[in-house]
Amino acid sequence: MKRKTSQERKKEIIDAARELIIREGVQGVTIKNISKKNRISEPAIYRHFKNKRAILLGLIESFESNLMMAIDEPIRYHKNPLDRLREIMKTHLIFTEKKRGVLFAITAESIHFNDDFLRRKILEVIERYKIRIKDILQEAKREGFLREEINLDAVSLAFFGLIQTAIIQFALTNYTVPPITKFQTLWNVFIRGIEKKNRDI
């Protein structure tokens, strides 16, 4: 049997951690549980990640990479910036359902245990996401779609925040209210708050 590469093994460990979070919460992510799930020794895990925090960091990085790839598709496909934003919101909601709110769970963990390192990493992810949204908003404003007085920083945060409300409800209802079911309502709230002249939505 071909020996797995370090990258393959790291992915397996991160995938196992993600599944444990979904099933048991962040507290279920232990080296022992990952060892059992992947049928590899605990020392083998420590060769790739020095502790639980490092695994959670790997999860955050994996989440960000996959989310950014997912939203790249509507960014490439749609010419109109408001159409891009609408499809990004929809894509993000669908993506979150598949990932079962993993980033929300890690965020709650970092706040509960006052983990500044994880908190900063999550904030960095949010800031990079907001920059992507703000760039599209700036384009929409240049093209005359948005009201002149709006604050793009605040609007990019509001965009992210609206999505998070659906994610939080999803997590708190034990994953029974899919975020995508809230899409049209959230989009209507967002677009009506920023658009110069309402389009058909």
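Look a little higher up for the structure.
Residues numbered from 1 in each chain as written. Predicted model: local features only at pLDDT ≥ 70, side-chain atom pairs only at ≥ 80, totals over all residues. Heavy atoms only, no water.

Chemist: So what exactly am I meant to see when it comes to the overall build of the protein here?
Modeler: If you tally the helices and strands in the protein, you get 9 helices and 0 strands. Along the protein, helices (α) and strands (β) appear in the sequence α-α-α-α-α-α-α-α-α when read from the amino end. Counting only C-alpha atoms, the protein reaches 60 × 35 × 30 Å along its principal axes. Within the protein, buried positions represent 45% of all 201 residues. Expressed as a percentage of contacts within the protein between residues at least 6 apart in sequence, the contacts between residues at least 24 apart total 68%. For the protein, the computed accessible surface area is about 11,200 Å², with 52% contributed by carbon and sulfur atoms. Positive and negative charge centroids in the protein, built from 39 and 26 side chains respectively, lie 5 Å apart. (Helix = DSSP H or I, 4+ residues; strand = E, 2+ residues; numbered from the N terminus. Buried < 20%, exposed > 50% of the residue type's maximum accessible area, 1.4 Å probe, protein only. Contact = heavy atoms within 4.5 Å. Areas by Shrake-Rupley, 256 points an atom, 1.4 Å probe, with all protein chains shown as cover. Lys, Arg positive; Asp, Glu negative; His and termini not counted. Charge placed at Lys NZ, Arg CZ, Asp CG, Glu CD.)

Chemist: What am I meant to see in helix α9 (residues 183–194) here?
Modeler: Given 3.6 residues to a turn, an α-helix orients residues that are three or four positions apart in the same direction. Taking 1.5 Å of rise per residue, 12 residues should cover 16 Å, and α9 covers 17 Å from first to last C-alpha, within 8% of that figure. Listing the buried residues of α9 in full gives Phe183, Leu186, Trp187, Asn188, Phe190, Ile191 and Ile194. Residues of α9 that are buried make contact with α5 (81–99), α7 (116–142) and α8 (152–172). (Expected span 1.5 Å × (residues − 1).)

Chemist: Would you mind showing me how to read α8 here?
Modeler: Here α8 contains 21 residues, and its C-alpha end-to-end distance of 30 Å stays within 8% of the 30 Å for a straight helix at 1.5 Å per residue. Taken together, the buried positions of α8 are Leu152, Val155, Ser156, Phe159, Phe160, Leu162, Ile163, Gln164, Ala166, Ile167 and Phe170. Taking the backbone nitrogen of aspartate 153 as reference, a side-chain oxygen 3.0 Å away marks asparagine 151 as the first, capping residue of α8. Among the residues trailing α8, asparagine 174 stands out with phi positive, at a value near 55 degrees. (Polar contact = N/O pair within 3.5 Å; in protein donor to acceptor, adjacent residues only side chain to side chain.)

Chemist: So what exactly am I meant to see when it comes to the environment of serine 35 here?
Modeler: Among the structural elements, serine 35 can be located in helix α2 (residues 31–38). You can call serine 35 buried: its relative accessible area is 13%. Spatially, the C-alpha atom of serine 35 lies 39 Å from that of leucine 157, the residues being 122 residues apart in sequence. Those residues within four positions of serine 35 in sequence are excluded, and the remaining contacts are Ile40, Ser41, Glu42 and Ile45.

Chemist: Would you take a moment to explain the pattern of salt bridges for this structure?
Modeler: A side chain with one charge may pair with a side chain of the opposite charge, provided their charged atoms come close. Evaluated as defined, the whole model comprises 18 salt bridges. Residues aspartate 83 and arginine 86 are paired through a salt bridge, measuring 2.9 Å at the closest nitrogen-oxygen approach. Here the residue aspartate 83 and the residue arginine 86 both occupy positions in helix α5, the gap between them amounting to 3 residues, near one helical turn. It is possible to trace a salt-bridge network through shared partners that takes in Asp83, Arg86, Glu87 and Lys90. (Salt bridge = Lys/Arg side-chain N within 4 Å of Asp/Glu carboxyl O.)

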